[in-house]
Amino acid sequence: MTSSSVRHSTPHSTAITRIGSLLTNDPSLRTPDNPLGLLQDAAVVIEGDRVVWTGTSSKAPATDSHHDAGGRALLPGFVDSHAHLVFAGDRTAEFHARMSGRPYTAGGIRTTVAATRAASDAELSANVARYLAEALRQGTTTQETKSGYGLTTHDEARALRIAAGHTDEVTYLGAHVVAPEFADDPAAYVALVTGDMLDACAPHARWIDVFCERGAFDGDQARAVLTAGAARGLIPRVHANQLSHGPGVRLAVELDAASADHCTHLTDADVDALASAPRTVATLLPGAEFSTRAVYPDARRLLDAGVTVALSTDCNPGSSFTSSMAFCVAVAVRDMGMTPDEAVVAATLGGARALRRTDVGAIVPGARADLHLLDAPSHVHLAYRPGVPLTAAVWQAGEKRV
Ligand SMILES: [Zn+2]
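Residues numbered from 1 in each chain as written. Predicted model: local features only at pLDDT ≥ 70, side-chain atom pairs only at ≥ 80, totals over all residues.

As annotated in an unreviewed UniProt entry, the chain carries the name Imidazolonepropionase and comes from Actinacidiphila alni. Per its UniProt entry, the chain bears the Sequence similarities (unreviewed entry) comment "Belongs to the metallo-dependent hydrolases superfamily. HutI family." UniProt's Catalytic activity (unreviewed entry) comment on the chain is quoted here verbatim: "4-imidazolone-5-propanoate + H2O = N-formimidoyl-L-glutamate". (UniProt positions renumbered as here; feature names shortened; annotations may be inferred.)

Now the structure itself:
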């Protein structure tokens, strides 16, 4: 190979210099005194879609281009491992009534199912794109999304196909609730979810999920759904213990699920099960409790037991219509017993672990160049300045998007 062809094949390089506080989550830099792997007066070099170097700003190697961070904080892009973005319509009236103390009897999730079934592919795709763009503007560079508002073979497969056009992290949630047509025969709906619907959906998804809760699917039904999905190569995750105690968390551990999501109502046995299963992340979704005026999960209890915790938005039109990971960080610090450091790690590295990804959630050589520059000197400002739009710039796979 000639030297000119080497130059030609080298991807474009950029140095981000004068980073006041670089939060790396780099295991080789993390110590008890520096649990986030923080570097001061730092630089990051990206080449193509990858991080290739981190270190002291004055020692940064020469690059094709350059971005002066001006002393601001840089952290990994947020990894939002739990959202429901394939839907049409909204539930403003329901939220308004709930927060105004008025009874509201219409619809609930069925309202969204009806609107989603009635929407065109183009409408649903435009909605997913819109919420992904909204999240990106707030620093989210990896976004999971689920189906679950179709509840027919056609509509679930359509939702997943559309989602897969926008993100790699796609979850089949045919078992969100029993479809209205099967209200009198939930067993037949489970047979559909584990049969024809699974056949149609599996090619478009990486994960399978089930809402294991009173009023949705019990432990045996949830096990049947997840086991059938796993047999088709889908990796389990579980909506577990959101509204009440139940078998969801222990089922997630039993089936080596990537995450047990919500974890609001836990027994000591549930906490012990999660602590004994480092591959099953406890994903906490404070937007849901915020938007329903419910009791928050106790993150402190989980962290003290040694459980890996992720924070995610649960973005959906019914119970948590936020795409803001920064908001979730602020609530987790204020009301769930997390320190600012723990909450930011949970929103980045924790989310990556919940998606079993090693290429995102940390700023280390070899990782995907997903970077979030704050208009603030420290990641602590995400909790210290709640509700303030602090995102100054975002790189996704090496490309400056914001
Ligand atoms: Zn959810």
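## Topic: the overall build of the chain
When its secondary structure is counted, the chain shows 15 helices and 17 strands. Taken against the 2.2 N^0.38 rule, which gives 21 Å for 402 residues, the C-alpha radius of gyration of the chain at 21 Å falls within 12% of a compact globule. Expressed along its principal axes, the backbone C-alpha trace of the chain runs to roughly 70 × 45 × 40 Å. Here the chain, with 402 residues, has 54% of them falling under the buried criterion. In the chain, once contacts between residues fewer than 6 apart in sequence are set aside, the share between residues at least 24 apart is 70%. (Helix = DSSP H or I, 4+ residues; strand = E, 2+ residues; numbered from the N terminus. Rg over C-alpha atoms; globule rule 2.2 N^0.38 Å. Buried ≥ 20, exposed ≤ 12 C-beta atoms within 10 Å, placed from the backbone. Contact = placed C-beta atoms within 7 Å.)

## What to know about the domain arrangement of the chain
Under the domain assignment used here, the chain contains domain 1 (3–76 + 362–400) and domain 2 (78–354). Centre-to-centre separation of domain 1 and domain 2, based on C-alpha positions: 30 Å. Taken together, the 18 residues of domain 1 in the interface contact 18 residues of domain 2. Breaking the side of domain 1 that touches domain 2 down by element, the ones donating at least two residues are β5 (73–76), α15 (381–384) and β16 (391–396). (Domains from an automatic or database assignment.)

## Overview of unusual backbone geometry
Phi is positive for asparagine 241, which is not a glycine, with a value near 55 degrees. Tracing the backbone shows asparagine 241 in the loop between β11 (235–240) and α9 (248–254). Although it is not a glycine, aspartate 256 sits at a positive phi angle of roughly 55 degrees. With respect to the helices and strands, the residue aspartate 256 is situated in the loop between α9 and β12 (259–262). On the basis of neighbour count, aspartate 256 is assigned to the exposed category, with 12 C-beta atoms found within 10 Å.

## Concerning helix α13 (residues 325–335)
When you tally the buried positions in α13, you get eight out of eleven residues, the bulk of the element. Every buried residue belonging to α13 is among Met325, Ala326, Cys328, Val329, Ala330, Val331, Ala332 and Val333, and all of these are buried. Glycine 337, located one to two residues past α13, shows a positive phi value of around 80 degrees.

## A look at the pairing of strand β3 (residues 50–56)
Where strand β2 (residues 38–47) and β3 come together, six bridges link them in antiparallel fashion. Residue pairing in the sheet places valine 44 in a bridge with threonine 54 of β3. Taken together, β2 and the strand that follows it, β3, pair antiparallel across an intervening segment of two residues, in which glycine 48 is found at a positive phi of about 60 degrees. (Pairing = 2+ DSSP bridges.)

## Regarding the environment of proline 389
Among the structural elements, proline 389 can be located in the loop between α15 and β16. The class of proline 389 is exposed, set by 12 C-beta atoms lying within 10 Å.

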